[in-house]
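The primary structure of each chain is shown beneath.
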Amino acid sequence: MSEDKTDHCEERQRRKRINLYKRIIIIVIVAIILLPTLLCIILFCRLNSLQKDFSELRAYIEASERTAQAGTSSKGTGQGAGLNMENDGRVPVKDNDTADSTTDETPQESADVNVSDTENTHETESVTDDNETSGNTQQLIEQAVEQGRKVVYLTFDDGPGDNTENLLDVLDEYGVKATFFVNGHHGYETALNRIVMEGHTLALHTYTHEYESVYGSVASFAEEIITLQDYLTDVTGFRPYIFRFPGGSSNSGTPLPITEYIDYLNENNLIYFDWNVSSGDGGGDLSAQQVHDNVLNGVASNDISVVLMHDATYRMTTFEAVPMIIESLQDMDALILPITADTKPVHHHIN
Ligand code: ZN
């Protein structure tokens, strides 16, 4: 009887031990699975943060290199090479061209524009680190105007798209720097990086370009800009701050007075540009020759021209016209520059 009891006791002890071992084994297995997972999550977060640091560093180095190049190579060639410094506005991206159907800037405002000396509300020093270089550019512009040379800013809206890289190749061939007001089209990361790396100005044109979303409220307007800025910063390492309203600041499709959106821009150190020369490629099917003639006629009537063109896949005649336009401008010794923080804004009259 007492032997039975002892056996029973031993059996219970044995089971207890087995249960303990089981628990230990389960804990060890769980730890083996969980620890590497946790480690992976921590490393992933760290990698992300390092990538961000790397992008910022790369952007800084590129900007420094460009500054150094400007110091050695800007000899007033009239092509604006090397003048686009780190504070140049750089911008956007997008995944399809459907927004283009709603994006057309009407050319009618071309006669209704002023180049404002006083409207540059952007604090130059807040975006410009290299005052010497910007001073050089300003000097170059003043000299050009004094000498009767035309100063021209070529701007392309609604990209990037399938033709952006071709356009960049053409600009490179002629040694011309331009300004790209982009939307949030995805799938063109290489083009966006080339815009920045090759010294053009990347600028903002809202994420969707859909009027309802852009102009629905000041909050949605802000979201359109910030989403695009975040996207472009992720892709290129640059955070653009130069802006163009879809349809221009004089467009009549806004539910709120345009001044409310302008207030937002001013409060957030964003500079907006309209245009005083339209290529007319926003409406109708123009031939390359017509696009060229519209631009050249517009340039003829201004000392300083901000030229509106579109970088949309289906506007092939614009692409055909660009080499002709550049050749004509170079023949007349025009000074072709990218828009920067120091560029005097061209604003449409607001009624
Ligand atoms: Zn547009």
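The structure this text deals with has already been given above.
Predicted, not measured: the structure shown is a model, and the values here were computed from it.

The rules behind the values
- Residues numbered from 1 in each chain as written.
- Predicted model: local features only at pLDDT ≥ 70, side-chain atom pairs only at ≥ 80, totals over all residues.
- Heavy atoms only, no water.
- Helix = DSSP H or I, 4+ residues; strand = E, 2+ residues; numbered from the N terminus.
- Buried < 20%, exposed > 50% of the residue type's maximum accessible area, 1.4 Å probe, protein only.
- Contact = heavy atoms within 4.5 Å.
- Areas by Shrake-Rupley, 256 points an atom, 1.4 Å probe, with all protein chains shown as cover.
- Pairing = 2+ DSSP bridges.
- Phe/Tyr/Trp six-rings, centres within 6.5 Å; stacked < 30°, edge-to-face > 60°.
- Axes fitted to C-alpha atoms, helices over the stretch in contact; angles between N-to-C directions.
- Parallel < 35°, antiparallel > 145°, perpendicular 65-115°, else oblique.
- Nonpolar A, V, L, I, M, F, W, Y, C, P; charged D, E, K, R; others polar.
- Salt bridge = Lys/Arg side-chain N within 4 Å of Asp/Glu carboxyl O.
- Polar contact = N/O pair within 3.5 Å; in protein donor to acceptor, adjacent residues only side chain to side chain.
- Right-handed = clockwise from strand over helix to strand, strands pointing away.
- Patch = residues over 30% accessible without salt bridge, like charges linked within 9 Å, V, L, I, M, F, W, Y side chains within 5 Å.
- Core = buried A, V, L, I, M, F, W, Y, C linked by side-chain atoms within 4.5 Å.

(A) Local environment of the overall build of the protein chain. Helix and strand counts for the protein chain stand at ten helices and ten strands. Taking all 351 residues of the protein chain together, the buried fraction comes to 48%. Nonlocal contacts in the protein chain, meaning residues at least 24 apart in sequence, comprise 80% of its contacts between residues at least 6 apart. Looking at the protein chain as shown, the accessible area adds up to about 17200 Å², and 54% of this sits on carbon and sulfur atoms.

(B) Quick peek at the pairing of strand 2 (residues 151-159). Of all nine residues in strand 2, nine are buried, a share of seventy percent or more. Inspection of the sheet shows strand 2 paired to strand 8 (residues 304-310) by seven bridges, in the parallel sense. Within the sheet, the bridge partner assigned to Phe156 lies in strand 8 and is Met309. Pairing of strand 2 with strand 9 (residues 335-337), which is carried by three bridges, proceeds in the parallel orientation. Note that in strand 9 the partner of Val151 across the bridge is Leu335. Relative to strand 3 (residues 179-182), strand 2 runs parallel, the two being bridged by four bridges. Along strand 3, the bridge assignment pairs Gly159 with Val182.

(C) Spotlight on helix 5 (residues 189-197). If you check which residues of helix 5 are buried, you get Ala191, Leu192, Asn193, Arg194, Ile195 and Val196. With its phi angle positive at about 85 degrees, Gly199 sits one or two positions after the end of helix 5.

(D) A look at unusual backbone geometry. A cis amide bond links Gly159 with the next residue in sequence, Pro160, at an omega value of -5 degrees. Mapped onto the elements of the fold, Pro160 is located in the loop between strand 2 and helix 4 (164-174). Positive phi is not limited to glycine here, since Thr206 has a value of about 80 degrees. With respect to the helices, strands and loops of the structure, Thr206 is situated in the loop between strand 4 (201-204) and helix 6 (211-215).

(E) Looking closely at the packing of aromatic side chains. Applying the stated criterion to the full structure yields ten aromatic pairs. With a centroid separation of 5.3 Å and an interplanar angle of 70 degrees, the aromatic rings of Tyr215 and Tyr261 are classed as edge-to-face. Highlighted residues: Tyr215 in helix 6 and Tyr261 in helix 8 (residues 258-267), separated in sequence by 46 residues. Here Tyr215 falls in the buried class, since its relative accessible area comes to 0%.

(F) Fine view of the packing of helix 5 against helix 7 (residues 218-236). Where helix 5 contacts helix 7, the two axes come as close as 9 Å, and the packing angle between them is 80 degrees. As far as their axial angle goes, helix 7 and helix 5 are roughly perpendicular. Taking contact as the criterion, the partners of Glu189, Leu192, Asn193 and Val196 in helix 5 are, on helix 7, Tyr231, Leu232, Val235 and Thr236. For the contact of helix 5 with helix 7, the class distribution of residues is five nonpolar, two polar and one charged.

(G) Structural detail: the environment of Thr340. As for its placement among the helices and strands, Thr340 is situated in the loop between strand 9 and strand 10 (346-348). Along the chain, Thr340 and Ile242 lie 98 residues apart, while their C-alpha atoms are 7.9 Å from each other.

(H) Here's a closer look at the pattern of salt bridges. Inspection of the entire model under this criterion finds eight salt bridges. Notably, a salt bridge pairs Asp333 with Arg149, separated by 3.2 Å at the nearest N-O pair. Taken as a pair, Asp333 in the loop between helix 10 (316-331) and strand 9 and Arg149 in the loop between helix 3 (131-146) and strand 2 lie far apart in primary sequence, 184 residues in all. In this structure, the salt-bridge partner of Arg194 is Glu165, at a minimum N-O distance of 3.1 Å.

(I) Expanded view of the side chain of Ser249. In this fold, Ser249 is placed in the loop between strand 5 (242-243) and helix 8. Judged by its relative accessible area of 1%, Ser249 is buried. Looking at Ser249, its side chain comes within polar contact range of the side chain of Asp274, at 2.5 Å.

(J) Focus on the pairing of strand 4. Residues Thr201 and Ala203 point to one face of strand 4 and Leu202 and Leu204 to the other, with burial holding for every one of them. Bridge analysis of strand 3 against strand 4 gives four bridges, and the strand direction is parallel. For Phe181, the partnering residue across the bridge sits in strand 4 and is Ala203. Handedness of the crossover is the feature at issue here: the chain leaves strand 3, passes through helix 5, returns alongside strand 4, and the resulting connection is right-handed.

(K) Up close: a nonpolar patch on the surface. A grouping of Leu20, Tyr21, Ile24, Ile25, Val28, Ile29, Ile32 and Ile33 is seen on the molecular surface, where their side chains present a nonpolar patch of about 780 Å² in accessible area. Here Ile33 is to be found in helix 1 (residues 2-73). For Ile33, a relative accessible area of 54% puts it in the exposed group.

(L) Representation of the nonpolar core. Counting 72 residues, the largest nonpolar core has Leu154, Phe180, Phe221, Phe245, Leu265, Ile325 and Leu329 as its most contacted members. Ranked by residues supplied to this core, first place goes to helix 7 with seven residues. In this view, Leu329 contacts Val152, Leu154, Leu296, Val299, Ala334 and Ile336; residues no more than four positions away in its chain are not counted.

(M) Structural detail: the environment of Thr164. For Thr164, the position within the fold is in helix 4. Since its relative accessible area comes to 0%, Thr164 is described here as buried. Residue contacts for Thr164: discarding those within four places in its chain leaves Phe180, Ala191, Ile195 and Asp311. At 2.7 Å, the side chain of Thr164 and the backbone nitrogen of Gly161 are in polar contact.

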